Structures are given as C-alpha cells and as structure tokens.
Amino acid sequence: MAEALSDHDETDSIDSVVPSYREEATGDDGDIINSAKKMRASGLSYEKVKVFSDGKCAEEEAVKYNNFKWTCCKINDTEQGTKKYYKCSFKRGSNCPAKIYLLFHASNFEVTLFQAIIRHDHTRECKQTGIPIEVKNVIIELFQNGYTTPKAILSELNKLKIIQPKTSQISNFLVTLRKKLYGPAQISLNCIKNWCIEKSIIPNDPDECFVANYYIKDDDANPLFRLFVTTKNLMKNCLNSNHVCAYATYKLIWQGYPVLMVGTTDKQCAFHPFGMALCINEQTDDFEFIFKSLQITVEKLYNINYCPIILVADTSGAITNGFINVFNVIEKRIMCWFHATKNIDTRLNAIKDKKMKTELRQDIEFMQLIKNETIFDAAIKLFQKKWKSKKCPLINNFIDYFINEWCMSNKGWFEGFAIGYPSSNNALEATNGKIKYLYTFRERLPVGEFLSVLEKDIIHQLSRERNVNDIVTSQNAKSFANTPSINLSLWTSTYHWIKEEREVIIMKNNDGKKNAFY
C-alpha cells in the first residue's frame, strides 16, 4: 500500500493530473439519500487523502476508512478515470453527509482516495422507509401463529390497533421471512440429493429426523425423486404390530406431489406413524419404495427382518402391489370403510327413490357390523336376493356393481374380516388433517420449504409426542397400547346385558382359534 501524500510534496505528479475536485449537483446522482443531495446542491469540495498502487487494497481501505463504515452508492466513468463513491453508514438511519470516493486513474494503475471536506453528523434521522422493526416483530409472531397471508396479517394488525404497512410491503417481507426460516422456495434435484446425503446419518437423538432411504433420477426427460424420513423413536413402533396402514395425501406440496404416510394402530385405535415419504407419484414403485425403506431401516436399527402380514388402505391397487412386492405375502387386505362408503354413495346417487336409497344404505351398514365371515357371506346372498326381487333396472345395476366390487374383489370392509384390527384408516386421516392444520396452516408449500417443515416440525413433533422416555413430554406421551381399554360405560352396558339372561350362540371364527358370541 502506498504511503499517504504530504500536502508539501512538490514532486507529486499525481497532483497535476488530479487537482482538488469540486462536485457540482446534477439531476442524475443515483440512489443517494435526500439530505446528501441537498448538501451537494451547494457543491462538495474533496481533498486528496491517499494514493494506492493496487485497486483491491484501495477498496479494502475505503470501506473502513477512519474507522467508519462506508457503503458504495455510485460509480461514474469520467475522462480522468472511474470514480467510485462511498457514503458514511456508520450509524444506520443517521443520514450522515460525509462522503469519499476512489479514483481509478485512466492513465495508470494507481488509485487515489478523496474525502469530502465536511464533518460527520450521526445525529440527524432520515425518513423511515419500509416496515418499522416493531411491526416486523409483530408480523413474525403472527406468521408463527398461523397468519401466513398479507390479508390475515392486516386483519390482526387492525385488531391490535397497529398502523398497517402496505400490502406489497408485507408480501415482500413474508418472502424474505420464508426464505430465512425455510430456505429457498425453488430447489433442484441436486439440492434435494445433497439434503438427503446430509440427513442420512442416523443421529443419537431418538426424536431427530433423518433420511432413511432415497432415490433420485436426474433425467431431463423423466426426472424422479423419492425420499423417506423418520426418527428412531417412530421406527420402534414397527416392532409392536404386524399390520400396516398406508395412504397418500395431497394439498401439502405446491407442485402437487403426494406425501405418503405409513404407520400402524394400537389396540385403542390410535395411529402411530413410522415415517413419511415424498414422491412425485403414488404408483406401485412409490409404495414399494416406502415399504422397502421400512424393511431396510428396521433391519439396520434392530437387525430384524420386518415382515407385516396385514395391510389397511383404500382400494388402491398400487398400495397392494407395492406391499406384496416387498413382503411377498399378504394374509389380510383390509379395505378402509370410509373410502368404501364414498364410492358406494356415489353409485347410490343414480337411484332417485330416496326411500329405496336409504334402505339400501342401511342394509349395507348392517352388513358392515357383522363379526363373522360365514354370516357375512350368507347376509350377502340374502341382500342380493332381496333387492333383485324389486326388478328395478337402477337397483339391479347397483347390486351388480356392489357384488363385483365389494363382495368379490374388495371384501375386507366389514368388522369381522380381521378381528382385532381397524376397519378404516380414520386414525391416519386424522393425523394428516392435524399436519395440515398445525404445521402447514392449510397452505401448499414449495418442495424446498416443505422439506424444512417436514424435518424441523412435522416428523420431530410426531416423534416427540410418542417419546415416553422424555422427562419433558412423558406425562402426555402417546404410548403404544397393547391391550384395549374398557371404560366404565362399557362395563355398565355389559352388566345390564348379562342381567337380561339372553341366549348366547357361540361360533368359531375363520381362524378356528377364537370364538364369536351372539
């Protein structure tokens, strides 16, 4: 770095090339703060301070000259060379009029530093621009409480009697806030791959999320990614049950991708997730991926060959095929009763006679409660005989559909199909609803943002809620119930039933091991 030039150095050749400069105010001064423009209206005199032989050293010195903080505000090209102006930003909002500039000489490689002949003034306050910091803090708090749109935030600010910023200001601030909290909204396959690699190490914390398995195909013609995330605490529930509940939910990802959830239920019908998978589709390969991820992770953590025998899901053939491809066998395929009724009601709407429609629905609901497969088969025959005798074309069409779809193909929707196992996926559906309400606030998030929420909020909280060994959460932890609980109301009803001294019929179930009492 060159030494500072003395005012008495008569041999200075630079002085003759670069005389003391007086800047006249012009109409195109760039983005300089208003009060500084007013100062320049009367003209600012600059004095030469230093000469540098290297431009990089000059810029490093300029930003911290005289122990103040300087920010580049303007660059001008002149006959003498390029002038790079800096304004004092030592104290934010002080509107200090002090300025310096660097002159990169056109005739040689030297750089000269000039300083405006004016004192620093850090007492004057400039006009407030943007959202005040106090309002920003309120907006951040509202955002964390679920008010994620400008309209909702403006409504809450109005209730709090806080001066409202412009809608555009709030929108811009939310974009910055989301990026700060969750990272960039747009994400590439390479970024997803790097994220999966980073999170694939199994942590010591039982409630810390990790990527158990992933598959990424970076192909321009057919890009593809699948990833399965879980925790050690969630995977423990695989050891407690031999049945799996699986389902794909939407309205979580802005790009429209499905989120696959897999888990099981305990004897009190409470759902316990194993983990969640993010895929582009919900085809056989996607469900095969999630089931294979379960098997691999259980073997890695517990050295056990995980092989459930019962599957609870909707009528999706992709879920069934994926299950069979991984576990090779499926003893019972339980059809979710809720999804069965949705499909049945759609076909019932073709029958215009409301009385007939209601009676048909009641008969189907009665058959759903049957606890024995032999009785169920007999009830189906009576049901078919009864309604075929009506000789109504619309009813006959419905009966044909019902027999083919729900008695021959998808039979596992009645209670007695698998005693001791759930007949619906309602517990899993309720968990999906909770995720949308508490963690995504019913918004569709971009993939990059969703991965951050999935890791830090969804999976972590689902795991911690079920951690019975955590001192903080153990009092309210959702432990896995291996036996059903019998409440006082059920005991009372049982007592009154016994007192009636009804005749009891005992029948063997299909497995020949358990008895059914009627």
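Everything below is about the structure shown above.
These numbers come from a predicted model, not from an experiment.

Concerning the nonpolar core
Okay, so step 1: Grouped together as the largest cluster of nonpolar side chains are 75 residues, with contacts concentrated most on Met367, Phe398, Phe402 and Trp413.
Okay, so step 2: Inspection of this core shows a minimum of three residues originating in each of domain 2 (134–182) and domain 3 (189–336 + 424–454).
Okay, so step 3: Non-local contacts of Phe402, meaning those with residues more than four positions away in its chain, are made with Ile344, Ile364, Met367, Ile380, Phe383, Cys407 and Trp413.
Okay, so step 4: If you look at the next biggest cluster of nonpolar residues, it comprises 27 residues, including Phe228, Leu260, Ile319 and Phe327.

Comments concerning the packing of aromatic side chains
Okay, so step 1: One pass over the full model with this rule turns up 18 aromatic pairs.
Okay, so step 2: Its guanidinium or amino end placed over the ring of Tyr85, Lys74 lies 5.4 Å from that ring's centre, counting from NZ or CZ.

Looking at the sheet that holds strand β8 (residues 224–230)
Okay, so step 1: Spatially, β7-β8-β11-β10-β9-β12-β13 is the arrangement adopted by the 7 strands of the open sheet, whose pairing is mixed. The two strands at the open ends of the sheet, each matched to only one other strand, are β7 (210–217) and β13 (332–335). Neighbour-to-neighbour, the strand axes of the sheet open up by a mean angle of 20°, direction not taken into account.

Details of the side chain of Asp286
Okay, so step 1: Turning to its location among the elements, Asp286 is positioned in helix α9 (residues 284–302).
Okay, so step 2: With relative accessibility at 1%, the residue Asp286 sits in the buried group.
Okay, so step 3: Once residues lying within four places of it in the same chain are set aside, the contact partners of Asp286 are Arg226, Leu260, Cys279 and Asn281.

Describing a nonpolar patch on the surface
Okay, so step 1: Taken together, the side chains of Ile486, Leu488, Leu490 and Trp491 define a hydrophobic patch exposed on the protein surface, amounting to about 470 Å² of accessible area.
Okay, so step 2: Relative to the assigned elements, Trp491 resides in helix α17 (residues 488–499).
Okay, so step 3: A relative accessible area of 53% means that Trp491 is categorised as exposed.

Here is what the cut-offs are and how they apply
Residues numbered from 1 in each chain as written. Predicted model: local features only at pLDDT ≥ 70, side-chain atom pairs only at ≥ 80, totals over all residues. Heavy atoms only, no water. Core = buried A, V, L, I, M, F, W, Y, C linked by side-chain atoms within 4.5 Å. Buried < 20%, exposed > 50% of the residue type's maximum accessible area, 1.4 Å probe, protein only. Domains from an automatic or database assignment. Contact = heavy atoms within 4.5 Å. Phe/Tyr/Trp six-rings, centres within 6.5 Å; stacked < 30°, edge-to-face > 60°. Lys NZ or Arg CZ within 6 Å of the ring centre and 35° of its normal. Pairing = 2+ DSSP bridges. Helix = DSSP H or I, 4+ residues; strand = E, 2+ residues; numbered from the N terminus. Axes fitted to C-alpha atoms, helices over the stretch in contact; angles between N-to-C directions. Patch = residues over 30% accessible without salt bridge, like charges linked within 9 Å, V, L, I, M, F, W, Y side chains within 5 Å. Areas by Shrake-Rupley, 256 points an atom, 1.4 Å probe, with all protein chains shown as cover. Salt bridge = Lys/Arg side-chain N within 4 Å of Asp/Glu carboxyl O.

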